[in-house]
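Each chain is listed here by its residues.
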There are 2 protein chains.
Amino acid sequence: MREELKEILLFMQEKTSGEILEDIDRFHPVDFLEMLSEMEDNPLGILEKLPNDYIALLIDYAEDDEKYGLLSLFSEKRKGKIIDEMSSDELVDLLGSIDEEQKEAIILNMADEDAEEVKELLGYDADSAGGIMATEFIAIKETMTISETINFLRTKAPDSETPYYIYVLDDNEVLKGVVALRDIIVSDPQTLISEIMNENTISIPIDMDQETVSNTFEKYGFMAMPVVDNFGIMLGIITADDVMEIIKDEYTEDMFRLAGLDETEKLSGSIPRAVKSRLPWLIVNLITAILAAATVSLFEGTIVRIVALATFMPIVAGMGGNAGTQTLTLVIRGIALGELTFENQKEILIKEAVIGVINGAFLGLTVAGLGYFWVQNAYFGLVIGVAMFLNLFVAAISGFFIPIMLKKIGIDPALASAVFVTTVTDVLGFFFFLGFATLMITHLI
Amino acid sequence: MREELKEILLFMQEKTSGEILEDIDRFHPVDFLEMLSEMEDNPLGILEKLPNDYIALLIDYAEDDEKYGLLSLFSEKRKGKIIDEMSSDELVDLLGSIDEEQKEAIILNMADEDAEEVKELLGYDADSAGGIMATEFIAIKETMTISETINFLRTKAPDSETPYYIYVLDDNEVLKGVVALRDIIVSDPQTLISEIMNENTISIPIDMDQETVSNTFEKYGFMAMPVVDNFGIMLGIITADDVMEIIKDEYTEDMFRLAGLDETEKLSGSIPRAVKSRLPWLIVNLITAILAAATVSLFEGTIVRIVALATFMPIVAGMGGNAGTQTLTLVIRGIALGELTFENQKEILIKEAVIGVINGAFLGLTVAGLGYFWVQNAYFGLVIGVAMFLNLFVAAISGFFIPIMLKKIGIDPALASAVFVTTVTDVLGFFFFLGFATLMITHLI
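Model, not experiment: these values are computed from the prediction. (Residues numbered from 1 in each chain as written. Chains lettered and ligands numbered in written order. Predicted model: local features only at pLDDT ≥ 70, side-chain atom pairs only at ≥ 80, totals over all residues. Heavy atoms only, no water.)

Asker: Explain the overall build of chain A to me, please; I cannot follow it from the model alone.
Answerer: Across its full length, chain A carries 23 helices and 6 strands. Compactness check: chain A gives a C-alpha radius of gyration of 30 Å against a globular reference of 22 Å for 445 residues, more than 25% above the reference. By sequence separation, contacts in chain A at least 24 residues apart represent 66% of the contacts at least 6 residues apart. Approximately 19,500 Å² of chain A is accessible, and the part contributed by carbon and sulfur atoms is 56%. (Helix = DSSP H or I, 4+ residues; strand = E, 2+ residues; numbered from the N terminus. Rg over C-alpha atoms; globule rule 2.2 N^0.38 Å. Contact = heavy atoms within 4.5 Å. Areas by Shrake-Rupley, 256 points an atom, 1.4 Å probe, with all protein chains shown as cover.)

Below you can see the structure in the form of structure tokens.
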């Protein structure tokens, strides 16, 4: 199919608008967009011949950082017409990716009514329900019949974002119920909307955080959900495809932040951008590594006398870091999915502490045996065994508390938990091990 | 709303089926399920009075590990009736969570036709399109008119999974096109389906991996997609809510595996299960830590003479591990999202190597300065600076190649990359640092 499309594009510049439209109608806009990006020539020759609504569609499907570039290809006059074809949430996505000046210029190009709507949407936090929703939805009254509704859809619906649900509002625009399109099709034309509508609508508050929005969608499995304000007035809808986007972004963000990457870094991004994403994080880690090194330096006198301590140092610290990462990852996911609540917090803490004790006991005994055989000194085994046990317990406790505390003071736990937890396990791991060795030094030499 | 539902449930046992049905109809099944799980009494008293299709709905919305427990509450005879109300993919989800014996018993309870269908679905890999799809969809012929279609929907549709698209198949059941429900509503009753159907359907091959399925959904933003075999024969559909579930599961899996957790571990799971999830991974890490320790032990003679080496050891190894984790996380995400391809592989490798050189140079110079001032020996600075530079370069290269090689030999890169990369950066980090110090020992004392 790709080959076919490529061929079509090659000869497109010589075709008329009508011919082009017929050709591209056979492909999904996403595929068309992909081909376009692979073409080396200026794509304007082709794009110019496409209708405004198709360009608007392409901009909607384009990646955030490509949207404005696509629009910029056109003359000022045509820009306005393309913008007219875009829905409010598409426009907000476009405006979200550009700077203030460009934003102003685009808003000036809009019809007054649209400009008002977009400005209002831009006023919501981009990561809240208000920042994600579209304001185009189909609203009807409960006193309408099915046949009136169908007539209304024939004249009004083409522009709406929601092809599956129709919302029933009262005179004050308060959400009363929802009707599925299929119920409209299968009901008798004289039936009243009030008879078939579902009054138990589950709606999303306008200020709900996008992570909670995605959890709500997952929980109920809806294709679209209405967004309401405090008075129950319906303001917009969020559709499942927006939510898929959010889930993907949130998870990439968590994963990248845990690894010390900027969440906007891309595999195929530029080198300066990648360095800018990673170096600051490495510097933060360097500072914490220096803290760990300073701890070790306190005990240089002991290490000179029992050099096997240097050999075993990486084991104690490393294992603590690994166990701490396990706990903190679980806690971070629990926070993100809303599974860690104020009620079960204590229970989870006790559970993690017990696991720390069990794993610590097992690994402590193992490395105690290892230390004993390696160094041929039972006290050395005791020292490293106890240090390992203590460090795994500390790992469990800090892996639990650090993300929770970061969350409490408004820092994303995924962003900074790992560095704090490994600092704690490194510093305390070295401190337990080398400190205990110093206390026992007469038995170790 | 929760309080209200709780109250209703409390008095439910004294009510008739009709009253209960009226009551629960005001709540979403998911909310009903949540309340049920919070009740201390035996819930059977209430559940018994509910109709079979509602029980089937509850089982569908329940978590995988709760599905069978819910069904088990009922008598053998009623189980069969409840199963009759479930769609094929719901049944496959239920069967996927239980052991062979229970599975056999349930299949015996099914109508012959359903049993055949479910057995066929169970034959597909659970992580492929075939394992996710439902076989209930609405199929029409292109020669039908809109009004014929509407009649067909009135008699046939209620049981289907797809309330937004209707699929057009030819006499051999090959997929010819798709019609959106809204187009059916807004078209003239005498229009032929062939006039309004979209022939450029994008379909999912039956053996497509679920990760690719979710990428395809994200790319196109569809609410449902048809699944076809090699001949284009339509076998089922996948809906956006299934995909949300997949995205969530895949991401949790990646994140957990990166941190050394079993992907099935839950925050509120049991302690023995958590230990079983984490301890094996800690043991693997212990083995790699022993490898690193063995590397250090080779140089004990050097450390005794220059004990500051012990102090700086954690810095070199730790920074390599952090930089390696950055690269491997980016590569693992790139593999998962299909962004890392055979074509751009070389380009990405070069990019990562260059970043390794840049970050290595910066951090190498920094720790060289630090080493110089701390130990008051320029050669010491040189030794740690060079070791840091080399280790960050190694981190970039191994962070790139290890996930790719694991993927090639069929191991999930998220599962084992981190442990391999940190082993490489630990062992080589110590080796570079202590080995170079040994070579330069006359300048360091």
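There's more to say after this.
Asker: Any chance you could explain a nonpolar patch on the surface here in plain terms?
Answerer: Residue and element names in this part refer to chain B. A cluster of nonpolar side chains, contributed by Val357, Tyr379, Leu382, Val386, Phe389, Leu390 and Phe393, occupies part of the molecular surface with about 510 Å² of accessible area. In terms of residue count, helix H21 (residues 378-408) provides more of the nonpolar patch than any other element does, 6 residues in total. With respect to the helices and strands, Phe389 occurs in helix H21. The exposure class of Phe389 is partly exposed, given its relative accessible area of 30%. (Patch = residues over 30% accessible without salt bridge, like charges linked within 9 Å, V, L, I, M, F, W, Y side chains within 5 Å. Salt bridge = Lys/Arg side-chain N within 4 Å of Asp/Glu carboxyl O. Buried < 20%, exposed > 50% of the residue type's maximum accessible area, 1.4 Å probe, protein only.)

Asker: Honestly, the packing of helix H17 (residues 271-297) of chain B against helix H22 (residues 413-439) of chain B in this entry has me stumped. Any pointers?
Answerer: Helix-helix packing is characterised by the crossing angle of the two axes and by the distance between the axes. All names here are of chain B. Between H17 and H22, the least distance of the axes is 9 Å, while the angle of their chain directions is 15°. By the criterion of interaxial angle, the relationship of H17 to H22 is roughly parallel. The handedness of the crossing between H17 and H22 is right-handed. For the pair formed by H17 and H22, the contact residues are Trp281, Val284, Asn285, Thr288, Leu291, Ala292, Thr295 and Val296 on the first element and Leu415, Val419, Thr423, Asp426, Val427, Phe430, Phe431 and Leu434 on the second. Considering only residue class, the contact of H17 with H22 consists of 11 nonpolar, 4 polar and 1 charged. (Axes fitted to C-alpha atoms, helices over the stretch in contact; angles between N-to-C directions. Parallel < 35°, antiparallel > 145°, perpendicular 65-115°, else oblique. Left-handed = near helix turned anticlockwise from the far one by under 90°. Nonpolar A, V, L, I, M, F, W, Y, C, P; charged D, E, K, R; others polar.)

Asker: When you look at the interface of chain A and chain B in this model, what are you seeing that I'm missing?
Answerer: At the interface, 111 residues of chain A touch 111 residues of chain B. The tally of links between chain A and chain B comes to 6 salt bridges. Close ionic contact of Arg278 of chain B with Glu352 of chain A constitutes a salt bridge, the shortest N to O distance being 2.8 Å. In this structure, the connection of chain A to chain B is made through 30 residue pairs in polar contact (both at pLDDT 80 or more). Looking at which element gives the most residues to the side of chain A that touches chain B, the answer is helix H19 (residues 308-336) of chain A, with 18 residues. Considering only residue class, the side of chain A that touches chain B consists of 69 nonpolar, 22 polar and 20 charged. (Polar contact = N/O pair within 3.5 Å; in protein donor to acceptor, adjacent residues only side chain to side chain.)

Asker: What should I look at first to understand helix H15 (residues 210-220) of chain B in this one?
Answerer: Every α-helical turn comprises 3.6 residues, leaving residues that sit three or four positions apart pointing alike. Residues and elements named next belong to chain B. Of all 11 residues in H15, 9 are buried; the element is thus mostly enclosed. N-cap assignment for H15: the residue whose side-chain oxygen lies 2.9 Å from the backbone N of Glu211 is Asp209. Where H15 terminates, the next one or two residues include Gly221, which has phi positive at roughly 70°.

Asker: I would appreciate a short explanation of the sheet that holds strand S3 (residues 175-180) of chain A in the present structure.
Answerer: Through backbone hydrogen bonds, the strands of a sheet pair up, either in parallel or in antiparallel fashion. All names here are of chain A. Across the sheet, 3 strands lie side by side as S1-S2-S3; this open sheet has mixed pairing. Edge strands, defined here as strands with exactly one partner in the open sheet, are strand S1 (139-140) and S3. Where strand S2 (residues 165-169) lies against S3, 5 bridges are found, and the strand directions are antiparallel. Within the sheet, the bridge partner assigned to Tyr167 lies in S3 and is Val178. (Pairing = 2+ DSSP bridges.)

Asker: Explain the domain arrangement of chain A to me, please; I cannot follow it from the model alone.
Answerer: Often the size quoted for an interface is simply the accessible area lost on bringing the parts together. Residues and elements named next belong to chain A. Partitioning chain A into domains gives domain 1 (2-132), domain 2 (139-240) and domain 3 (271-444). Listed by partner, the interface residues are 10 residues for domain 1 and 12 residues for domain 2. Taking both partners together, domain 1 and domain 2 bury about 700 Å²; carbon and sulfur atoms supply 57% of that area. Interface area lost by domain 1 to domain 2 is led by Asp127, Ala129 and Ile132, which between them contribute 59%. Across the domain 1-domain 2 interface, the total number found is 0 salt bridges. (Domains from an automatic or database assignment. Buried area = accessible area lost by both parts, 1.4 Å probe.)

Asker: Can you walk me through the pairing of S2 of chain A in this structure?
Answerer: A regular strand places its side chains so that they alternate between the two faces of the sheet. Residue and element names in this part refer to chain A. Within S2, 5 of the 5 residues are buried, which leaves it mostly tucked inside the rest of the structure. Taking every second residue as pointing to the same face, both faces of S2 are buried, with Tyr165, Tyr167 and Leu169 on one and Ile166 and Val168 on the other. Strand direction decides the pairing type here: S1 and S2, joined by 2 bridges, are parallel. Bridge pairing in S2 places Ile140 opposite Val168.

Asker: Is there a simple way to explain the packing of helix H19 (residues 308-336) of chain B against H21 of chain B in this structure?
Answerer: All names here are of chain B. Where H19 contacts H21, the axes come no closer than 8 Å and their chain directions differ by 30°. By the angle class used here, H19 and H21 are roughly parallel. Judged by the sense of rotation from one axis to the other, the crossing of H19 with H21 is right-handed. A class-by-class count of the residues in the contact of H19 with H21 yields 22 nonpolar, 5 polar and 1 charged.

Asker: Is there a simple way to think about empty space enclosed by the protein in this case?
Answerer: A water-sized probe, rolled over the atoms, reveals where empty space remains. Scanning all chains against the criterion turns up 7 cavities of 30 Å³ or more. Taken together, 47 residues make up the lining of the largest cavity; nearest its centre are Asn322 and Thr422 of chain A together with Asn322, Thr325 and Thr422 of chain B. When residues of the lining of the largest cavity are traced back to their parent elements, those giving at least two are helix H16 (240-259), helix H17 (271-297), H19 and helix H22 (413-439) of chain A together with helix H16 (240-259), H17, H19 and H22 of chain B. Across the lining of the largest cavity, the residue classes break down as 24 nonpolar, 21 polar and 2 charged. (1 Å grid on protein atoms, 1.4 Å probe; cavity = no way out; pocket = protein on both sides within 12 Å on 5 of 7 lines; lining within 4 Å. Points joined across faces, edges and corners; volume = space filled by probe spheres on them.)

Asker: Where do I start with the environment of Leu330 of chain B in this structure?
Answerer: Mapped onto the fold, Leu330 of chain B is located in helix H19. The sequence separation of Leu330 of chain B and Gly399 of chain B amounts to 69 residues, and the corresponding C-alpha distance is 9.0 Å.

Asker: Explain the nonpolar core here, please?
Answerer: The tendency in soluble globular proteins is for nonpolar side chains to be buried side by side. Core analysis: the biggest nonpolar cluster contains 104 residues, and Tyr167 of chain A together with Tyr167 of chain B have the highest contact counts within it. Counting residues in hydrophobic clusters, the runner-up holds 81 residues, among them Leu392 of chain A together with Leu309, Ala310 and Met313 of chain B. (Core = buried A, V, L, I, M, F, W, Y, C linked by side-chain atoms within 4.5 Å.)

Asker: Before we go on, may I ask you to explain a negative patch on the surface in this structure?
Answerer: A grouping of Glu63, Asp64, Glu66, Asp93, Glu245 and Asp249 of chain A together with Glu339 of chain B is seen on the molecular surface, where their side chains present a negatively charged patch. Of note, Glu63 of chain A is situated in the loop between helix H5 (52-61) and helix H6 (64-72). (Lys, Arg positive; Asp, Glu negative; His and termini not counted. Charge placed at Lys NZ, Arg CZ, Asp CG, Glu CD.)

Asker: Hey, could you run me through the sheet that holds strand S4 (residues 204-205) of chain B in this one?
Answerer: Residues and elements named next belong to chain B. With respect to topology, 3 strands assemble into an open sheet ordered S4-S5-S6, the strand pairing being mixed. What marks the edges here is a single partner per strand, and that holds for S4 and strand S6 (234-239). For strand S5 (residues 224-228) and S6, the ladder comprises 5 bridges, and the chain directions are antiparallel. Bridged to Val227 within S6 is Gly236. Against the sheet, H15 makes contact with S4, S5 and S6, and its axis sits at roughly 135° relative to S5, the strand it touches most.

Asker: Sorry, what's going on with the pattern of salt bridges here?
Answerer: One pass over the full model with this rule turns up 18 salt bridges over all chains. The residue Asp412 of chain B makes a salt bridge to Arg257 of chain B at a minimum N-O spacing of 2.4 Å. Pair noted here: Asp412 of chain B is in the loop between H21 and H22 and Arg257 of chain B is in helix H16, with a separation of 155 residues, a long-range link. Here Arg278 of chain B makes a salt bridge to Glu265 of chain B, at a shortest N to O gap of 2.8 Å. Here Arg278 of chain B is found in helix H17, whereas its partner Glu265 of chain B is found in the loop between H16 and H17, with 13 residues between them in sequence. Of the two residues examined, Arg278 of chain B and Glu265 of chain B, each falls in the buried class. In this structure, a network of salt bridges that share partners links the residues Glu253, Arg257, Glu263 and Asp412 of chain A.

Asker: Would you mind going over the relation of the copies chain A and chain B with me for this structure?
Answerer: What relates the two chain copies is a rotation about an axis together with a slide along it. For the pair chain A and chain B, the best superposition has an RMSD of 0.1 Å and corresponds to a rotation of 180° with a translation of 0.0 Å parallel to the axis. When the rotation and shift are considered jointly, the pair of chain copies conforms to a two-fold rotation axis. In terms of C-alpha distance to the rotation axis, chain A has Val304 of chain A as its closest residue, with the C-alpha 2.6 Å off the axis. (Least-squares fit on C-alpha atoms with pLDDT ≥ 70 in both.)

Asker: Just checking my understanding: could you explain the pairing of strand S3 (residues 175-180) of chain B for this structure?
Answerer: The buried fraction of S3 of chain B is high, at 5 of 6 residues. Count of turn residues in the strand S2 (residues 165-169) of chain B/S3 of chain B antiparallel hairpin: 5 residues, of which Glu173 of chain B carries a positive phi of about 70°.

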